[in-house]
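# Structural overview
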Amino acid sequence: MTIKILNDLNCPDHLIKHCKAVCNKALKLSSNFDVDIELVETGALLHDIGRSKTNGIDHAIVGAEILKDMGFPDSVANIALRHIGAGIPKEEALQLGLPPQDYIPITLEEKIVAHADNLTHWDKEVDLEFVIKKWKEKLGTDHPSIPRIIKLHREIVGSDIN
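Scoring rules and cut-offs
- Residues numbered from 1 in each chain as written.
- Predicted model: local features only at pLDDT ≥ 70, side-chain atom pairs only at ≥ 80, totals over all residues.
- Heavy atoms only, no water.
- Axes fitted to C-alpha atoms, helices over the stretch in contact; angles between N-to-C directions.
- Helix = DSSP H or I, 4+ residues; strand = E, 2+ residues; numbered from the N terminus.
- Parallel < 35°, antiparallel > 145°, perpendicular 65-115°, else oblique.
- Left-handed = near helix turned anticlockwise from the far one by under 90°.
- Contact = heavy atoms within 4.5 Å.
- Nonpolar A, V, L, I, M, F, W, Y, C, P; charged D, E, K, R; others polar.
- 1 Å grid on protein atoms, 1.4 Å probe; cavity = no way out; pocket = protein on both sides within 12 Å on 5 of 7 lines; lining within 4 Å.
- Points joined across faces, edges and corners; volume = space filled by probe spheres on them.
- Buried < 20%, exposed > 50% of the residue type's maximum accessible area, 1.4 Å probe, protein only.
- Polar contact = N/O pair within 3.5 Å; in protein donor to acceptor, adjacent residues only side chain to side chain.

Two numbers describe a pair of packed helices, the interaxial angle and the distance between the axes. At their nearest, the axes of helix α7 (residues 108–118) and helix α9 (residues 145–156) sit 10 Å apart, and the two run at 115° to each other. Relative to α9, the element α7 is oriented roughly perpendicular. Crossing of α7 against α9: the hand is left-handed. Taking contact as the criterion, the partners of Leu108, Lys111, Ile112, Ala114, His115 and Asn118 in α7 are, on α9, Ile149, Leu152, His153, Glu155 and Ile156. Its residues assigned to classes, the contact of α7 with α9 shows 6 nonpolar, 3 polar and 2 charged.

Quick look at empty space enclosed by the protein now. Across all of its chains, the model carries 1 cavity of 30 Å³ or more by this definition. Lining of the largest cavity is provided by Ile57, Ala60, Ile61, Leu81, Arg82, His83, Ile84, Ile88, Leu98 and Tyr103. When the residues that make up the lining of the largest cavity are grouped by side-chain class, the tally is 8 nonpolar, 1 polar and 1 charged.

This part is about the side chain of serine 145. For serine 145, the location among the structural elements is in helix α9. A relative accessible area of 8% places serine 145 in the buried class. Polar side-chain contacts of serine 145 include one of 2.9 Å to the side chain of histidine 143.

So, in C-alpha coordinates, the structure goes:
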(Lines give C-alpha, C1' and ligand atoms only; values in the text may rest on other atoms or scores of the structure.)
Protein backbone atom coordinates (compact mmCIF):
# COMPACT_ATOMS: atom_id res chain seq x y z
CA MET A 1 0.00 0.00 0.00
CA THR A 2 2.74 2.49 0.89
CA ILE A 3 4.55 2.10 -2.43
CA LYS A 4 1.21 2.60 -4.17
CA ILE A 5 0.85 5.93 -2.34
CA LEU A 6 4.25 7.06 -3.63
CA ASN A 7 3.29 5.97 -7.15
CA ASP A 8 -0.08 7.73 -6.90
CA LEU A 9 1.75 10.95 -5.95
CA ASN A 10 3.96 10.56 -9.05
CA CYS A 11 7.16 10.12 -7.08
CA PRO A 12 10.02 9.33 -9.47
CA ASP A 13 11.40 5.80 -9.60
CA HIS A 14 14.74 6.85 -8.08
CA LEU A 15 12.91 8.25 -5.03
CA ILE A 16 10.90 5.06 -4.58
CA LYS A 17 14.12 3.00 -4.83
CA HIS A 18 15.67 5.29 -2.20
CA CYS A 19 12.68 4.84 0.13
CA LYS A 20 12.86 1.04 -0.27
CA ALA A 21 16.61 1.08 0.47
CA VAL A 22 16.05 3.24 3.58
CA CYS A 23 13.35 0.80 4.67
CA ASN A 24 15.70 -2.17 4.25
CA LYS A 25 18.41 -0.41 6.28
CA ALA A 26 15.91 0.67 8.95
CA LEU A 27 14.65 -2.89 9.33
CA LYS A 28 18.24 -4.12 9.74
CA LEU A 29 18.94 -1.46 12.36
CA SER A 30 15.67 -2.33 14.13
CA SER A 31 16.80 -5.89 14.76
CA ASN A 32 18.86 -4.63 17.72
CA PHE A 33 15.86 -3.01 19.44
CA ASP A 34 12.36 -3.68 20.72
CA VAL A 35 10.49 -1.33 18.40
CA ASP A 36 7.26 -1.20 16.41
CA ILE A 37 8.52 -2.83 13.21
CA GLU A 38 5.39 -1.93 11.26
CA LEU A 39 5.86 1.74 12.21
CA VAL A 40 9.53 1.64 11.19
CA GLU A 41 8.64 0.04 7.86
CA THR A 42 5.79 2.44 7.07
CA GLY A 43 7.73 5.48 8.26
CA ALA A 44 10.82 4.52 6.27
CA LEU A 45 8.88 3.90 3.08
CA LEU A 46 7.07 7.25 3.41
CA HIS A 47 9.79 9.41 5.02
CA ASP A 48 10.42 11.34 1.78
CA ILE A 49 6.79 11.62 0.63
CA GLY A 50 7.15 15.41 0.80
CA ARG A 51 9.56 15.19 -2.14
CA SER A 52 6.47 14.60 -4.27
CA LYS A 53 5.94 18.37 -3.93
CA THR A 54 9.34 19.89 -3.07
CA ASN A 55 12.99 18.93 -2.93
CA GLY A 56 13.86 21.64 -0.43
CA ILE A 57 14.62 21.03 3.22
CA ASP A 58 10.95 21.76 3.85
CA HIS A 59 10.09 18.39 2.25
CA ALA A 60 10.01 16.99 5.78
CA ILE A 61 7.28 19.43 6.85
CA VAL A 62 5.36 19.00 3.59
CA GLY A 63 5.61 15.22 3.97
CA ALA A 64 4.24 15.29 7.52
CA GLU A 65 1.32 17.41 6.31
CA ILE A 66 0.60 15.01 3.43
CA LEU A 67 0.63 12.05 5.79
CA LYS A 68 -1.68 13.75 8.30
CA ASP A 69 -4.05 14.75 5.48
CA MET A 70 -4.11 11.11 4.35
CA GLY A 71 -5.12 10.01 7.83
CA PHE A 72 -1.81 8.53 8.99
CA PRO A 73 -1.19 8.76 12.73
CA ASP A 74 1.21 11.32 14.21
CA SER A 75 3.70 8.51 14.81
CA VAL A 76 4.16 8.11 11.03
CA ALA A 77 3.94 11.84 10.23
CA ASN A 78 6.59 12.59 12.87
CA ILE A 79 9.02 10.21 11.21
CA ALA A 80 8.77 12.29 8.04
CA LEU A 81 8.92 15.53 10.02
CA ARG A 82 12.05 14.63 12.01
CA HIS A 83 14.11 12.50 9.59
CA ILE A 84 16.62 15.05 8.23
CA GLY A 85 20.18 14.28 9.34
CA ALA A 86 20.03 13.76 13.08
CA GLY A 87 17.28 16.32 13.35
CA ILE A 88 17.20 20.09 13.33
CA PRO A 89 16.91 22.10 16.55
CA LYS A 90 14.65 25.14 16.69
CA GLU A 91 17.50 27.67 16.36
CA GLU A 92 18.80 26.05 13.18
CA ALA A 93 15.26 25.65 11.84
CA LEU A 94 14.78 29.41 12.11
CA GLN A 95 18.07 30.02 10.25
CA LEU A 96 16.89 27.65 7.51
CA GLY A 97 13.55 29.44 7.16
CA LEU A 98 11.55 26.58 8.66
CA PRO A 99 8.72 27.11 11.13
CA PRO A 100 10.21 27.62 14.62
CA GLN A 101 10.18 24.23 16.31
CA ASP A 102 12.48 21.33 17.05
CA TYR A 103 12.75 18.71 14.32
CA ILE A 104 14.84 16.30 16.38
CA PRO A 105 13.84 12.62 16.28
CA ILE A 106 12.45 11.62 19.67
CA THR A 107 11.21 8.03 19.51
CA LEU A 108 13.47 5.11 18.75
CA GLU A 109 11.51 4.49 15.55
CA GLU A 110 12.10 8.11 14.43
CA LYS A 111 15.81 7.82 15.23
CA ILE A 112 16.16 4.53 13.36
CA VAL A 113 14.52 5.88 10.19
CA ALA A 114 16.48 9.14 10.34
CA HIS A 115 19.75 7.27 10.63
CA ALA A 116 18.82 4.67 8.04
CA ASP A 117 18.28 7.63 5.71
CA ASN A 118 21.72 8.98 6.69
CA LEU A 119 23.30 5.61 5.89
CA THR A 120 21.62 5.40 2.48
CA HIS A 121 22.94 7.39 -0.46
CA TRP A 122 20.33 7.16 -3.21
CA ASP A 123 19.69 3.41 -3.05
CA LYS A 124 23.08 2.26 -1.72
CA GLU A 125 24.16 1.66 1.87
CA VAL A 126 27.05 3.84 3.00
CA ASP A 127 29.13 4.06 6.16
CA LEU A 128 29.43 6.81 8.75
CA GLU A 129 32.65 8.11 7.18
CA PHE A 130 30.82 8.74 3.89
CA VAL A 131 27.97 10.48 5.73
CA ILE A 132 30.28 12.77 7.70
CA LYS A 133 32.29 13.66 4.59
CA LYS A 134 29.08 14.46 2.68
CA TRP A 135 27.68 16.73 5.43
CA LYS A 136 31.04 18.46 5.99
CA GLU A 137 31.28 19.25 2.26
CA LYS A 138 27.69 20.49 2.21
CA LEU A 139 27.54 22.40 5.51
CA GLY A 140 31.14 23.01 6.61
CA THR A 141 33.48 21.07 8.86
CA ASP A 142 32.30 22.62 12.11
CA HIS A 143 28.54 22.53 11.50
CA PRO A 144 26.63 21.47 14.65
CA SER A 145 24.80 18.72 12.75
CA ILE A 146 28.01 16.66 12.48
CA PRO A 147 28.28 15.80 16.20
CA ARG A 148 24.52 15.10 16.26
CA ILE A 149 24.90 12.59 13.43
CA ILE A 150 27.82 10.88 15.19
CA LYS A 151 25.86 10.75 18.46
CA LEU A 152 22.84 9.27 16.66
CA HIS A 153 25.06 6.70 14.95
CA ARG A 154 26.50 5.62 18.30
CA GLU A 155 23.01 5.34 19.77
CA ILE A 156 21.59 3.29 16.88
CA VAL A 157 24.63 1.35 15.62
CA GLY A 158 26.65 1.29 18.84
CA SER A 159 30.02 2.27 17.38
CA ASP A 160 31.73 4.46 14.80
CA ILE A 161 31.63 1.74 12.15
CA ASN A 162 28.78 0.22 10.18
